[in-house]
Amino acid sequence: MADIEGQTEQKEFYLDIPAKNQAFFLKGSGALDWGIQNRLSRIFNPCSGKTVMLAIDHGYFQGPTTGLERVDVNIVPLVPYADALMLTRGILRSSIPSSGRNAIVLRASGGPSILKELSNEQLAMDMEDAVRLNACGVAVQVFVGGEFETQSIHNLTRLVDRGNRYGVAVLGVTAVGKNMTRDAKYLRLAVRICAELGAHIVKTYFCPEGFETVAASCPVPLVMAGGKKLPELDALKMAHNAIQQGASGVDMGRNIFQADAPVAMIQAVGKVVHEGLKPEHAYDLYQTLKNEKKIEAPVGR
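Since the model is a prediction, treat every value here as computed from it, not as a measurement. (Residues numbered from 1 in each chain as written. Predicted model: local features only at pLDDT ≥ 70, side-chain atom pairs only at ≥ 80, totals over all residues. Heavy atoms only, no water.)

## Re the nonpolar core
Looking at soluble globular proteins, one finds that nonpolar side chains tend to be buried together.
Next, step 1: In this structure, Leu54, Leu106, Val138, Val202 and Val269 are the most contacted members of the largest nonpolar core, which totals 77 residues.
Next, step 2: Apart from the residues within four sequence positions on either side, Val202 is in contact with Leu171, Gly172, Thr174, Val191, Cys194, Ala195, Cys218, Val220, Pro221, Leu222 and Val223.
Next, step 3: Counting 17 residues, the second-largest nonpolar core is a separate cluster that includes Ile36, Ala139, Ala169 and Val223. (Core = buried A, V, L, I, M, F, W, Y, C linked by side-chain atoms within 4.5 Å. Buried < 20%, exposed > 50% of the residue type's maximum accessible area, 1.4 Å probe, protein only. Contact = heavy atoms within 4.5 Å.)

Written out as structure tokens, the structure reads:
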């Protein structure tokens, strides 16, 4: 029995070693509760401080996007190479194996289809269901400058309150409509509003000029959106430039699952994001894996 009276005390309190309190590795996240930090540590690789998030949530307003017609066939083989999956709860429950180790970021806003005004979104799920699905984060679209700007921002603030209550990270996604420009001035405005109102992560587009100012003006981790399909080398260059200019990762969809060799492409993106591989070398790796149909081991945590 422990600590019986009369026994010699053998305890070691390490009086010569100061108590340690390790700083959290993501910017702007040091004051968050333990639960949110833990979930962020699953979205972002603690070794590199970066994330490769695979975005497959397009169907929530576009329907069966090219490359996402059969998630079980086209996407499940990519899952081992992503740090996180961004998707809807319907696809998660119906098509993604529950044995996966990925962090899950659930699309939490929606409403209009591509046939209507996209900024007219509402919250489309409650936080209890996100917790039930073991999600690390939830994502909400924010339409700064859009017709329903205020409504979308209120969606964000309500979700942040619920995320803080349950310990789930909130990803604010800056939406860029047809009539909005994607220059640094606009992106700085959009990402800063999301961060100021409590988003734990912000996702935005890359801009060729001034992206470093967008990243610098965002006090929380900034993740680059992949956007429209580009040639593979161009997509790798965009990812590399974003990381070098301050992004904490990428959230790519079409530039991965619409590539000629999606499994090879997600591995090449991972090398760029986590290891700083030059895009030309990553493209060489992509071509090699594509031709050999070789699958490398996922980046370890």
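## Let's talk about the pairing of strand β6 (residues 137–142)
Next, step 1: A large share of β6 lies buried, amounting to six of its six residues.
Next, step 2: Inspection of the sheet shows strand β3 (residues 103–107) paired to β6 by three bridges, in the parallel sense. Note on β6: the bridge partner recorded for Val105 is Gly137.
Next, step 3: Here β6 runs beside strand β7 (residues 169–174); their pairing, made up of six bridges, is parallel. Bridge pairing in β7 places Val140 opposite Gly172. (Helix = DSSP H or I, 4+ residues; strand = E, 2+ residues; numbered from the N terminus. Pairing = 2+ DSSP bridges.)

## Observations concerning the packing of aromatic side chains
Next, step 1: Applying the stated criterion across every chain, the model contains four aromatic pairs.
Next, step 2: An angle of 70° between the planes, with centres 5.0 Å apart, marks the rings of Tyr60 and Phe61 as edge-to-face. Residues Tyr60 and Phe61 agree in their burial class; the two are buried.
Next, step 3: Its guanidinium or amino end placed over the ring of Tyr205, Arg182 lies 3.8 Å from that ring's centre, counting from NZ or CZ. (Phe/Tyr/Trp six-rings, centres within 6.5 Å; stacked < 30°, edge-to-face > 60°. Lys NZ or Arg CZ within 6 Å of the ring centre and 35° of its normal.)

## Comments concerning the sheet that holds β6
Each strand in a sheet pairs with its neighbour through backbone hydrogen bonds, running either in the same direction (parallel) or in the opposite one (antiparallel).
Next, step 1: Reading around the barrel, the eight strands line up as β1-β2-β3-β6-β7-β8-β9-β10 and close back on themselves, with parallel pairing between neighbours. Across this sheet, the average inter-strand angle for adjacent strands is 25°, counted without regard to direction.
Next, step 2: Bridging between strand β2 (residues 84–87) and β3 involves four bridges; their strand directions are parallel. By the bridge assignment, Met86 is partnered in β3 with Val105.
Next, step 3: Strands β1 (51–55), β2, β3, β6, β7 and β8 (201–204) of the sheet are contacted by helix α1 (residues 34–43), whose axis makes an angle of about 100° with β3. (Axes fitted to C-alpha atoms, helices over the stretch in contact; angles between N-to-C directions.)

## Focus: the pairing of β7
Next, step 1: Of all six residues in β7, six are buried; the element is thus mostly enclosed.
Next, step 2: Of the two faces of β7, the one lined by Ala169, Leu171 and Val173 and the one lined by Val170, Gly172 and Thr174 are each fully buried.
Next, step 3: In this region the chain leaves β6, passes through helix α6 (residues 149–166) and returns to the parallel neighbour β7; the handedness of that crossover is right-handed.
Next, step 4: Relative to β8, β7 runs parallel, the two sharing three bridges. The residue of β8 that forms the bridge with Gly172 is Val202. (Right-handed = clockwise from strand over helix to strand, strands pointing away.)

None of this, on its own, says anything about what the molecule does.
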